[in-house]
Amino acid sequence: MAEPSAATQSPSVSSSSSGAEPSAPGSGGSPGACPALGPKSCGSSCAVHDLIFWRDVKKTGFVFGTTLIVLLSLAAFSVISVVSYLILALLSVTISFRVYRSVIQAVQKSEEGHPFKAYLDVDMTLSSEAFHNYVNAAMVHINRALKLIIRLFLVEDLVDSLKLAVFMWLMTYVGAVFNGITLLILAELLVFSVPIVYEKYKTQIDHYVGLAREQTKAVVEKIQAKLPGIAKKKAE
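Below is a short write-up of the structure. Since the structure is predicted, the reported quantities are computational estimates derived from the model, not experimental observations. (Residues numbered from 1 in each chain as written. Predicted model: local features only at pLDDT ≥ 70, side-chain atom pairs only at ≥ 80, totals over all residues. Heavy atoms only, no water.)

### Some points on the nonpolar core
Counting residues in hydrophobic clusters, the biggest one holds six residues: Leu-51, Phe-64, Leu-68, Leu-71, Ile-185 and Phe-192. Here this core gets three residues from one element, more than from any other, and that element is helix α3 (residues 57-76). Filtering out sequence-adjacent residues up to four positions away, Leu-51 remains in contact with Lys-59, Thr-60, Val-63 and Phe-192. (Core = buried A, V, L, I, M, F, W, Y, C linked by side-chain atoms within 4.5 Å. Buried < 20%, exposed > 50% of the residue type's maximum accessible area, 1.4 Å probe, protein only. Helix = DSSP H or I, 4+ residues; strand = E, 2+ residues; numbered from the N terminus. Contact = heavy atoms within 4.5 Å.)

### Observations regarding the packing of α3 against helix α8 (residues 180-191)
Closest axis-to-axis distance for the α3/α8 pair is 9 Å, and the angle between their directions is 165°. Judged on the interaxial angle alone, α8 and α3 are roughly antiparallel. The hand of the α3/α8 crossing is left-handed. Residues Val-63, Phe-64, Thr-67, Leu-68, Leu-71, Leu-72, Leu-74 and Ala-75 of α3 lie in contact with α8, whose contacting residues are Ile-181, Leu-184, Ile-185, Glu-188 and Leu-189. Residues that form the contact of α3 with α8 fall into these classes: 11 nonpolar, one polar and one charged. (Axes fitted to C-alpha atoms, helices over the stretch in contact; angles between N-to-C directions. Parallel < 35°, antiparallel > 145°, perpendicular 65-115°, else oblique. Left-handed = near helix turned anticlockwise from the far one by under 90°. Nonpolar A, V, L, I, M, F, W, Y, C, P; charged D, E, K, R; others polar.)

### Some thoughts on the packing of helix α6 (residues 128-153) against helix α7 (residues 158-177)
In the contact formed by α6 and α7, the axes pass within 8 Å of each other and the chain directions differ by 95°. Regarding the angle of α6 to α7, the classification is roughly perpendicular. On the side of α6, the interface is formed by Arg-151, Leu-152 and Phe-153, while α7 contributes Asp-160, Ser-161 and Leu-164. Of the residues belonging to the contact of α6 with α7, the class tally is three nonpolar, one polar and two charged.

### Remarks on the pattern of salt bridges
One pass over the full model with this rule turns up five salt bridges. Between Arg-151 and Asp-160 there is a salt bridge whose closest N-O contact spans 2.6 Å. Judged by relative accessible area, which is 22%, Asp-160 ranks as partly exposed. (Salt bridge = Lys/Arg side-chain N within 4 Å of Asp/Glu carboxyl O.)

### Observations concerning the side chain of Ser-161
Its place among the elements puts Ser-161 in helix α7. Ser-161 gets classed as buried once you look at its relative accessible area, which sits at 12%. Excluding residues within four positions of it along the chain, Ser-161 makes contact with Arg-151, Leu-152 and Val-155.

So this is what it looks like as C-alpha cells:
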C-alpha cells in the first residue's frame, strides 16, 4: 500500500518544485538591481553599480569622502602639493605601524616577522597577455571616439554637428563660471546622488523625461523639415 501513496504524492512534489523555479532569487529585475552581464564584465560593472547605489554604506561613504577631499584639496592647492601630502600621510601610517610592531615584537620576544609580509608576497606583476588585453580594449574605445570626431567635424550629419556646436557654445558659459576641478566636484556629487534618487522616484522621473523627449523630438523634426539638405536626404 505504500507504493501507491508514494506514486500519488510524487506529482505534487514535482509540480511544487517546478513551480518554485520561476520565483528563484535574482529572476525579477528591480530598478537598482545589478544588470545581467557576462561573467567577465559582471564583476567590475556590478561593483561600480553597487558603489553608486550605496549598497554598502561604509564602502561608498569611504570612497565618496576620500575622492571629495582629494578634489577639494586640488581646488585649494597645487597637484604637486596634494600628491606630496598624500604620500607623506601614507608613509606616516605605514612607518608608524612598522615601528610599533617592531617594538611589540622586541618586548614580547616574538618572531612574527614583517607586519606587511602578506602584502609584500602578493604578486603584482602585469603579464603580457593582460597588458595586451587592456590595450586592445582601449583601442576599441579610441577608434570609436576617432570615428565619432571625424563624423561630427566633417558634418556627416548636419543635425548632430549642430548639436555639438550648441553644446560647445553653452560650455563656454559654463567655463566662464566654473573651472575643471569645480566641474569634477559637481560631477562626483551627481554620480553619488542622482542614481539613488532615480531609484526612489523612478516612475515620476520617467514620466517627465518622456514628455521632455517628445518635445525635443518634435523640435528636431521641425528643424529637419526646414533644412533642405536633410529633407532631401530623408526623402531619398
